[in-house]
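# Understanding the architecture of this molecule
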Amino acid sequence: MFVHTNIHYYYMKKEIYTGIDIGGTHVAAAAVKVDGGVVERSLFKRAINAAGSIDETVGAWRQLMYETLEYEPNTVGVGFSMPGPFDYERGISMIEGVAKFNSLFGLNIKEYMRSALNGSAGSIAFINDAAAFALGEYYCGAAKGSQKSLVITLGTGFGSAFLVGDVPQTTASQEVPANGYLYNTPFKDSIADDYFSTRWFVRTWEERTGQKVGGVKDIAQSAVGGDAVAKAMFAEFAAGLAEVLAPKLAAFKPDTLVIGGNIARASDMFLDDLVNNLKIKHITDTKVRICEKWDEAPLIGAALYAGSKSRNLEAETLNSTTPLRKTTQFLAPTKSMPTAAGQYDIYPAFPVGNGKIHSDLKTLAEMIAAHKTIVIDGFEGVFWDSFTASLNIELLKHKKNICIYSSDAAMKSEEELKAMIIKYLGDDDSIFGKITDLTLADWFDAVKLTNIKPNPDADINILIGCGAALAGWDAPIFYVDLPKNELQFRMRAGTASNLGFKKHTEKQTDFKDMYKQAFFVDWIVLNRHKASLLPQIEVVIDAQRPDNHLFMKGDDLRSGLSAMSHNFFRVRPWFESGAWGGQWMKNHFEGLNKEAENLAWSFELMVAENGLMFESDGYRLEVSFDFLMFNNFRDVLGDCADRFGYDFPIRFDFLDTIDGGNLSVQCHPRPEYIKSEFGMPFTQDETYYILDCKNNPKVYLGFREGVEKDEFHKALIDSQKNGKEIDIDRYVRSFRAKKHDLFLIPNGTVHASGKDNLVLEISSAPYIFTFKMYDWMRLDLDGLPRPINIEHGIKNLYFERQGNSVEDELICKPYIISDMDGVKIEHLPTHKEQFYDVMRYSFDNKIDIETGGKFHVWMLVEGVSVTIETAAGMRQRFNFAETFVIPASSGSYSIYNEANTRAMMVKAFIK
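Residues numbered from 1 in each chain as written. Predicted model: local features only at pLDDT ≥ 70, side-chain atom pairs only at ≥ 80, totals over all residues. Heavy atoms only, no water.

## Considering the overall build of the protein
Put simply, the rule is: Counting from the N terminus, the helices are DSSP H or I runs at least four residues long and the strands are E runs at least two residues long. Note on classification: 1.4 Å probe, protein chains only; a residue is buried when its accessible area is under 20% of the maximum for its type, exposed when over 50%, partly exposed between these limits. The contact criterion used is simple: two residues touch if any of their non-hydrogen atoms lie within 4.5 Å. Each accessible area is a Shrake-Rupley result for a 1.4 Å probe, and residues are judged covered by the shown protein chains and nothing else. Only four residue types enter the tally: Lys and Arg on the positive side, Asp and Glu on the negative side; His and the chain ends are excluded. We put the charge of a Lys on NZ, of an Arg on CZ, of an Asp on CG and of a Glu on CD.
The helix and strand inventory of the protein stands at 23 helices and 45 strands. When the backbone C-alpha atoms are referred to their principal axes, the protein occupies close to 115 × 65 × 55 Å. Within the protein, the proportion of its 911 residues that are buried is 59%. Taking all contacts inside the protein whose residues are at least 6 apart in sequence as the whole, residues at least 24 apart take part in 75%. Here the protein has roughly 36100 Å² of accessible surface; of this, 49% comes from carbon and sulfur atoms. Both charge centroids of the protein, one from 97 positive and one from 120 negative side chains, sit 2 Å from each other.

## Describing the pattern of salt bridges
As a reminder of what qualifies: What makes a salt bridge here is a side-chain nitrogen of Lys or Arg within 4 Å of a carboxyl oxygen of Asp or Glu, nothing more.
Counted under the stated rule, the structure contains 44 salt bridges. Between Arg 90 and Asp 408 there is a salt bridge whose closest N-O contact spans 2.7 Å. Of this pair, Arg 90 sits in the loop between strand S5 (86-87) and strand S6 (92-93) while Asp 408 sits in the loop between strand S18 (402-406) and helix H12 (414-421), and the two are 318 residues apart along the sequence. With a relative accessible area of 27%, Asp 408 lands in the partly exposed category. Between Asp 653 and Arg 651 there is a salt bridge whose closest N-O contact spans 2.6 Å. Note on Asp 653: relative accessible area 1%, which makes it buried. By sharing partners, the salt bridges in this structure join Asp 87, Arg 90, Asp 385 and Asp 408 into a single network.

## Let's talk about the pairing of strand S36 (residues 815-820)
Our working rule: DSSP-based pairing: two strands are paired if at least 2 bridges between them are found.
One ladder, built from five bridges, connects S36 with strand S37 (residues 823-828); its direction is antiparallel. In the strand pairing of S37, Ile 816 is matched with Glu 826. Counting the residues that bridge the hairpin from S36 to S37 gives two residues, and of these Asp 821 lies at a positive phi of roughly 55°.

## Side note on the side chain of Ser 763
With respect to the element layout, Ser 763 can be found in strand S34 (residues 757-764). Dropping the residues within four chain positions of it, Ser 763 is found in contact with Pro 649, Ile 650, Arg 651, Asp 685, Glu 686, Thr 687 and Tyr 836.

## Brief notes about unusual backbone geometry
Here the bond from Gly 84 into Pro 85 is cis, since omega is 0°, no more than 30 degrees from zero. Looking at where Pro 85 falls in the secondary structure, it is placed in the loop between strand S4 (75-82) and S5. Even without glycine at this site, Lys 253 takes up a positive phi of about 55°. Within the secondary structure, Lys 253 is located in the loop between helix H7 (228-252) and strand S13 (256-260).

## Structural notes on a negative patch on the surface
Spelled out, the test is: Patch membership requires more than 30% relative accessible area and the absence of a salt bridge. Residues of like charge join within 9 Å; the nonpolar side chains Val, Leu, Ile, Met, Phe, Trp and Tyr join within 5 Å.
Taken together, the side chains of Asp 427, Asp 428, Asp 429, Asp 510 and Asp 513 define an acidic patch exposed on the protein surface. For Asp 429, the position within the fold is in the loop between H12 and helix H13 (446-450).

## Observations concerning the nonpolar core
We apply this condition: For the purposes of this section, nonpolar cores are sets of buried Ala, Val, Leu, Ile, Met, Phe, Trp, Tyr and Cys residues that join through side-chain atoms within 4.5 Å.
Trp 61, Ile 376, Trp 443, Phe 614 and Phe 648 are the most contacted members of the largest nonpolar core, which has 241 residues in total. Residue contributions to this core peak at twelve residues, all from helix H15 (residues 511-533). Among all residues touching Trp 61, those that are not within four sequence positions of it are Ile 22, Val 27, Ile 48, Met 82, Phe 101, Leu 104, Ile 109 and Met 113. Counting residues in each nonpolar core, the second largest holds 44 residues, with Ala 192, Trp 200, Ala 223 and Leu 278 among its members.

## Quick notes on the sheet that holds strand S22 (residues 550-553)
Spatially, S16-S22-S21-S20-S17-S19-S18 is the arrangement adopted by the seven strands of the open sheet, whose pairing is mixed. Of all strands in the sheet, those bounded by a partner on one side alone are strand S16 (357-358) and S18. Taken together, the four bridges between strand S17 (residues 373-378) and strand S20 (residues 477-481) define a ladder with parallel strand orientation. What sits directly across from Asp 377, in S20, is Tyr 479.

## Details of the sheet that holds strand S39 (residues 846-850)
This is how the line gets drawn: Every axis corresponds to a line fitted to the C-alpha atoms, with the helix fit spanning only the stretch in contact, and the corresponding angles, defined between N-to-C directions, vary from 0 to 180 degrees.
On the basis of which strands lie adjacent, the open sheet formed by four strands has the order S39-S44-S41-S42 and antiparallel pairing. In this open sheet, the two edge strands, each paired with only one partner strand, are S39 and strand S42 (875-879). Here the strands of the sheet are splayed against their neighbours by 25° on average, with no regard to which way each runs. Here five bridges tie strand S41 (residues 865-870) to S42, and the two strands are oriented antiparallel to one another. Note that in S42 the partner of Ser 865 across the bridge is Asn 879.

## Examining the packing of helix H5 (residues 198-209) against H7
Selection rule: Throughout, the term roughly parallel applies to angles under 35 degrees, roughly antiparallel to angles over 145, roughly perpendicular to angles from 65 to 115, and oblique to all others. For any helix crossing, the convention is left-handed if the near helix is rotated counterclockwise from the far helix by under a right angle, and right-handed if that rotation is clockwise. The residue classification treats Ala, Val, Leu, Ile, Met, Phe, Trp, Tyr, Cys and Pro as nonpolar and Asp, Glu, Lys and Arg as charged. All others, Gly included, are polar.
In the contact formed by H5 and H7, the axes pass within 11 Å of each other and the chain directions differ by 140°. It follows from the interaxial angle that H5 and H7 lie oblique. Crossing geometry of H5 relative to H7 is assigned as right-handed. Between H5, through Trp 200, Phe 201, Thr 204, Trp 205, Arg 208 and Thr 209, and H7, the contact on the second element is made entirely by Val 229, Ala 230, Met 233, Phe 234, Glu 236 and Phe 237. When the residues that make up the contact of H5 with H7 are grouped by side-chain class, the tally is eight nonpolar, two polar and two charged.

## Observations concerning helix H2 (residues 54-71)
Applicable threshold: A helix is expected to reach a length of 1.5 Å times the quantity of its residues less one. Two axes enter the bend calculation: one fitted to the seven residues ending at the residue in question, the other to the seven starting there, and the bend is the angle between them.
In this model H2 runs 25 Å from its N-terminal to its C-terminal C-alpha over 18 residues, within 8% of the 26 Å that 1.5 Å per residue would give. Its maximal kink placed at Ala 60, H2 deviates by approximately 30°. Taken together, the buried positions of H2 are Ile 54, Thr 57, Val 58, Gly 59, Ala 60, Trp 61, Arg 62, Leu 64, Met 65, Thr 68 and Leu 69. Packed against the buried residues of H2 are strand S1 (16-22), strand S2 (26-32), strand S3 (44-47), S4, helix H3 (109-112) and S18.

## Here's the deal with helix H18 (residues 626-637)
Because an α-helix packs 3.6 residues into every turn, residues spaced three or four apart end up facing the same way. Along its twelve residues, H18 runs just 13 Å from first to last C-alpha, ending more than 12% under the 16 Å computed at 1.5 Å per residue. A large share of H18 lies buried, amounting to nine of its twelve residues. Of all the positions in H18, only Asp 626, Phe 627, Leu 628, Met 629, Phe 630, Asn 632, Phe 633, Val 636 and Leu 637 are classed as buried. Trailing H18 by a residue or two, Gly 638 shows a phi angle of about 65°, which is positive.

## Points about the confidence of the model for the protein
Spelled out, the test is: pLDDT expresses how confident the predictor is about each individual residue, on a scale running from 0 to 100.
Put simply, the protein has an average pLDDT of 93, and 95% of its residues get 70 or more. Every residue in residues 1-13 is under pLDDT 50, and counting partners more than four places away or in other chains gives 26 contacts.

## Overview of the environment of Asp 481
Within the element layout of this structure, Asp 481 appears in strand S20. Since its relative accessible area comes to 1%, Asp 481 is described here as buried. It is 6.2 Å that separates the C-alpha atoms of Asp 481 and Val 623, two residues lying 142 residues apart in sequence. Contacts of Asp 481, omitting those with residues within four sequence positions, involve Phe 379, Lys 530, Ile 541, Asp 542, Ala 543, Val 623, Ser 624 and Phe 627.

## A word on the environment of Ile 462
Here Ile 462 is to be found in strand S19 (residues 460-464). Judged by relative accessible area, Ile 462 falls into the buried class, the value being 1%. Counting along the chain gives 369 residues from Ile 462 to Ser 93, while the straight-line C-alpha distance between them is 15 Å. With near-sequence residues (within four places) excluded, Ile 462 lies in contact with Ile 368, Ile 374, Ile 376, Leu 395, Cys 403, Ile 404, Tyr 405 and Trp 473.

## Examining the side chain of Arg 570
Heads up, the condition is: N or O atoms closer than or at 3.5 Å make up a polar contact, with two conditions inside protein: a donor-capable atom paired with an acceptor-capable one, and, for residues adjacent in sequence, both atoms drawn from side chains.
Topologically, Arg 570 is positioned in the loop between helix H16 (554-565) and strand S23 (574-576). A distance of 3.3 Å separates the side chain of Arg 570 from the side chain of Tyr 344, its partner in a polar contact. Among the polar contacts made by the side chain of Arg 570, one reaches the side chain of Glu 882 at a distance of 3.3 Å. If we skip the residues at most four places from it in the chain, Arg 570 touches Tyr 344, Asp 345, Pro 348, Glu 604, Leu 612, Phe 878, Glu 882, Thr 883 and Phe 884.

## Looking at the packing of aromatic side chains
For the record, the criterion: Here a pair means two rings of Phe, Tyr or Trp (six-membered ring of Trp) with centres within 6.5 Å. Their orientation is stacked below 30 degrees between planes, edge-to-face above 60, and tilted elsewhere.
The tally for this structure, following the rule as stated, stands at 62 aromatic pairs. On the numbers, 5.8 Å between centres and 80° between planes, the contact of Phe 625 with Phe 648 is edge-to-face. Taken together, the positions of Phe 625 in the loop between strand S26 (619-624) and H18 and Phe 648 in the loop between helix H19 (641-644) and strand S27 (650-656) put the pair 23 residues apart, joining distant regions of the chain. Relative to Phe 799, the ring of Phe 703 has its centre 4.5 Å away and its plane inclined at 10°; by these criteria the two rings are stacked. On the criterion of sequence distance, the pair formed by Phe 703 in strand S30 (residues 698-703) and Phe 799 in the loop between helix H22 (790-796) and helix H23 (804-810) is long-range, its members being 96 residues apart.

## Some remarks on the packing of H16 against H18
It is at 9 Å that the axes of H16 and H18 come closest, and there the two elements cross at 35°. Like other packed secondary-structure pairs, H16 and H18 cross with a definite hand, here right-handed. Seen from H16, the contacting residues are Arg 558, Leu 561, Ser 562, Met 564 and Ser 565; seen from H18, they are Phe 627, Leu 628, Asn 631, Asn 632, Asp 635 and Val 636. Broken down by class, the residue content of the contact of H16 with H18 amounts to five nonpolar, four polar and two charged.

Right, dumping it as structure tokens:
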């Protein structure tokens, strides 16, 4: 599928575009309009030192662009014809390890050129030099009118471009080689580039005659004069070229083969032989032509390519229906106020004082402009290009010479990365992988990383992107963070991808695969890197709002984290719809999207994916929860810090099935299994606390008396294979659920919540290791079956948890510890395999608590709101159904009931 550029549109508009052709010894520019392919304006040329500094190379390009734009000020776009390797979409040089343009490695040339366009770089486009030449010939040269064309350039190297209409074909297929390249086609003892280039002629002439020669032109003159060696060389050249081209032409079937480059100027010496050799190889339907536009072709092609990109960008902007994020949940506001008593707050924040959080890029640019070198590192999923552009526009107002480099230039190729991480991703059809032991440095070519060097002549050098700090620049570090829920929303929309991989659309890459790689690989290495950077971070930036990046100083971040770790914190919850989701949260929590089909989960304290919000002057800046543990894990965890390290061990979340459906019948892995198979340090033990319910609902828990492993396994397999429903009640016990019941679900226990429950899961922290064995024959919200993990489940189930032992072991039996002075304290004992315990407090006015070296996770499960007052003197309101944590280092604290009715709270802690 391709789109032809509408030439008539350009005739009508008479728009002017500038083409710039980057060569190894000179740069040329011309103002171009599409009017018969004529270069209307004077041609500008400038000699360059390709081995020189940035100012000597790109500086010269920019100066030439200034001159061209001054001559033709109505230019609306600039196209660069560039040699590779190069990131043409983003404008970043990947040329490294060669004499020419080596100083440009990693440089964002698009941003470097922005100053020449008064701060606008949207109209700058980059195209491979061979493709630019091909487009020039397509628009108004030898390939004009061709539906399909192959254009080759024969000179210092062997360039090629495959065109369908005016669209270069770069994706590898049976018809087209990867990137449209022919230079690397195997030929004889080497590759095509070594034989169909000027250096082959020069080398072969000297070998066969013992004489030095200036180039192909001199050899051609000898051939015209009848020299046998010269004539034989051109014949050999034609035969070899036909041998390489014939299979490509047979596969692609172009209307036209166009030959350009300096060797083509000697076409009288080889063209007839080439055509005859192709006929011998049955290539007769492709017309072979010599180029018509010569040196003008790349200028015309680059200029009109810029025009096409500009028009497409304008059309996409006007007609775009592609969102940056795919979710029913709203983007967090820049500012928010605390909710009223009793109203659940979906944007909770910890106060850090006035004037600590900033929202204007002007201030950020001023902070950066104070330094000669800056490193901006960050998390995956950040919209680095738009952030870089916005920042550069502000920096240019300082009238500085700015060089911006991308760490992506030093990333290993996607093929290398795939080979490196494949062993951590499990089976293709599995949602599970294994926690990686890699580090972020493994994503980079170490030599290339050290070759990204600041320009000593620039006023400001910025190295930006994931892993930028690994380059070792002696510079302040700014860190751009992104909440993991927002990362997932971007992945679903196709606007973000995995670490080191290009963005994909949903249809190209399954989100489940992207999430698996993120969970088991990307987040692990990025978090390790983040932990190492935290003490050095000078500024942290919240990138979840593409048009408004909030930021705060690193010292204020660390101070805020420390204050949290000695008082209290509540993570920002986030919400997801699901196949069985209900309506309770939609109806009770203000600020959620009422248009969502349902809400299945609220991630109340699912710390691997939650963020922490800081508040200053009403601003809400969010960083990942990981920062708190990296900075203060001992203060938070207290006596279990050595056991769990950076892993916060307890999880609270809601499962909402009210007016929804049953959860899948499932179990979780045994400790040794989750460690050996998935690399997790501890397993997923759960409890169901029934916060609300209706219609006398069920909880499925444990097996019926006499159920055997083989029988249950066979029923599951039969259901999965043949699409048969299972009478689950034949195998699994069910119990009527009431408000404030607690059901115990240690690893290996078969279980499911029935419909019409609002379950508060009080659990150990792992959360994705759910082995679904039966899902009631339903489809997920995307219309596809949810993954079923029968074999994992069967390997982990405890079939001895059946019959009467279920009541004895798996249904909590609370008992009163004390009931006096308006305070009742109950113990809700958990299973012996579960490392956390639960207490319940009912009180009228106030309770005083000592942490005793342990952290406490709380929720108000009956009442309106409470106020916490810590020993440090901080006070904070928490409302019904909100989860909050009192760190171990808080010591003592008081909880005040703000309502006239009795409050009931549950507390979880490590045994």
